[in-house]
Amino acid sequence: MRVVILGASRFGEAIADTLIDAKHEVVLIDRDRERLEELAERMDCGMIEGDGTLPTILEEAYRDDNDTFIAVTNASEQNILAALVARSIGYARVIPQILTRELMRVCRQLDLRDVINPHATVAQSILEALQDQVALDHETELQNQLRLKRVHIPENCEGKTLASLDLPPSARAIARIRGDDECLVDDDTELAHGDYVLIALSCDDLDDLDKAFDKSSEGDEA
């Protein structure tokens, strides 16, 4: 299957890696040339620089009516527009990421049924865990390939954002816990010493997650 992904963020990168490992053909679209060049050094997939909401760009990535299109930029409106354009071109399936809850109703009205809504999914999982009185351990098994890790934020990460941390490619930060306050996070979420962050990641990257925080600490001491 050929899958075209709009958005070369860590999320888009993780989706591409998973699909490539499963022997699917992948094309990544992003406006950031440097980001695409960085990923091209290690990823075996197509790369297109440009605005993924434009028909010319999506037509360039399109091969036939079996293609799937996934839009995972950080702008819900852009993902909706790109999905509609992709559908008009002939993509068999379009899957936009929606971060703004109010736009879910718009997606239903536009008959965009395959929607990624990570905040709602994670919030529901947390609610079910709390209702079932399930304690989240420091390292909790999700499936055979994934772990949910509760990471304590050290003093050297005070004031940093999640985007500034050198996390492994598969790592997805889910929630920040600060005392009794819990919130879902994005790349701009600011951290403080003493916070805990819930991070889902591949089992293979557990050591790299620990090293990421050790590396930050070494850099501050230098």
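That block above? That's the structure.
Residues numbered from 1 in each chain as written. Predicted model: local features only at pLDDT ≥ 70, side-chain atom pairs only at ≥ 80, totals over all residues. Heavy atoms only, no water.

**Student:** How should the packing of aromatic side chains be read in this particular structure?
**Tutor:** For the coordinates displayed, the defined rule picks out two aromatic pairs. Put simply, the rings of Tyr62, Phe69 and Tyr91 pair up and form one aromatic cluster. Taking NZ or CZ as reference, Arg150 lies 4.3 Å from the ring centre of Tyr196, over its face. (Phe/Tyr/Trp six-rings, centres within 6.5 Å; stacked < 30°, edge-to-face > 60°. Lys NZ or Arg CZ within 6 Å of the ring centre and 35° of its normal.)

**Student:** Would you take a moment to explain the environment of Val94 for this structure?
**Tutor:** Looking at the element boundaries, Val94 is found in strand β5 (residues 93-96). Exposure remark for Val94: the relative accessible area of 10% places this residue in the buried category. Here the alpha-carbon distance between Val94 and Leu84, two residues ten residues apart in the chain, equals 8.0 Å. Other than its neighbours up to four places away in sequence, Val94 contacts Phe69, Ala83, Ala86, Arg87, Leu112 and Asp114. (Helix = DSSP H or I, 4+ residues; strand = E, 2+ residues; numbered from the N terminus. Buried < 20%, exposed > 50% of the residue type's maximum accessible area, 1.4 Å probe, protein only. Contact = heavy atoms within 4.5 Å.)

**Student:** Just checking my understanding: could you explain helix α4 (residues 76-89) for this structure?
**Tutor:** For an α-helix the count is 3.6 residues per turn, leaving residues at separations of three or four pointing the same way. With 14 residues, α4 extends 20 Å between its outermost C-alpha atoms, agreeing within 8% with the 20 Å of an ideal straight helix rising 1.5 Å per residue. Turning to α4, its buried residues are Ser76, Asn79, Ile80, Ala82, Ala83, Val85, Ala86 and Ile89. Elements that come into contact with the buried residues of α4 comprise β1 (2-6), α3 (55-61), β4 (68-71), β5 and α5 (103-109). Gly90 lies just past α4 and shows a positive phi near 130°. (Expected span 1.5 Å × (residues − 1).)

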